[in-house]
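# Results of the structural survey
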Amino acid sequence: MSTLELHVDVDVPIDAAWESLHRLENYPRFVQGVRGARTEAGGRAHLEVEAGGRSREVEAEVTDRGEHVMEWLTTSAPELTGSFSVQPIDRDHTRIQARVEYDPETVRDTFGGPKGFAQTNAIQRLVRSDLDHFKEYVERG
């Protein structure tokens, strides 16, 4: 398993950032490749994802752990786990910490893409881009 941790600081209060992360239906606005997303009963999420020219339906369990930590685990391929931690910097600024654990070969088999180190770099660029898009999204209100 590979682990990726990145963060972005946003110019909104913690509650606004936290609420925006919980609105799964808006993920297509800032998560590249997500074409549709919805919350289902029992803390489950359904995502329609397109990557590497392939479309997939991905199911995940989403849970809140402690104050301002949201964890998720896919229940269908590819096997991914991760979390978002939302931490106050001050009254009007918040840090979003993203952590993703994945098996590079499983991701490659599911969506295609480069092998080895090139794939790790591609996934890091993708998560960085998604965090930057989240920053733009949440700051626009």
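Preceding this paragraph is the structure being described.
Below is a summary of the structure that appears in this document. Predicted, not measured: the structure shown is a model, and the values here were computed from it.

Time to look at the nonpolar core. By size, the foremost hydrophobic cluster in this structure holds 35 residues, and its most contacted members are Val-10, Leu-21, Tyr-27, Phe-84, Ile-96 and Phe-134. Counting residues per element, the ones that place at least two in this core are β1 (2–10), α1 (14–22), β2 (34–40), β3 (44–51), β5 (69–74), β6 (80–90), β7 (93–102) and α3 (116–140). If you tally residues by element for this core, the top one is α3, at six residues. In this structure, Ile-96 is in contact with Leu-6, His-7, Val-8, Val-10, Ala-17, Leu-21, Phe-84, Ser-85, Val-86, Leu-131 and Phe-134, ignoring residues within four places of it in sequence.

Our next topic: the pattern of salt bridges. For the coordinates displayed, the defined rule picks out ten salt bridges. The salt bridge involving Glu-50 is made with Arg-35; its shortest N-O contact spans 3.8 Å. Of this pair, Glu-50 sits in strand β3 while Arg-35 sits in strand β2, and the two are 15 residues apart along the sequence. Residue class for Glu-50 comes out partly exposed when judged on its relative accessible area of 36%. Here Arg-65 ties to Glu-71 by a salt bridge, and the two come within 3.0 Å at their closest N and O atoms. We classify Arg-65 as partly exposed; its relative accessible area is 47%. Overall, Glu-71 belongs to the partly exposed group, its relative accessible area being 30%. Through salt bridges with shared partners, a single network forms among Glu-5, Arg-99 and Glu-101.

Rules behind the numbers
Residues numbered from 1 in each chain as written. Predicted model: local features only at pLDDT ≥ 70, side-chain atom pairs only at ≥ 80, totals over all residues. Heavy atoms only, no water. Core = buried A, V, L, I, M, F, W, Y, C linked by side-chain atoms within 4.5 Å. Buried < 20%, exposed > 50% of the residue type's maximum accessible area, 1.4 Å probe, protein only. Helix = DSSP H or I, 4+ residues; strand = E, 2+ residues; numbered from the N terminus. Contact = heavy atoms within 4.5 Å. Salt bridge = Lys/Arg side-chain N within 4 Å of Asp/Glu carboxyl O.

The quantities given are spatial measurements derived from coordinates; they are silent on function.
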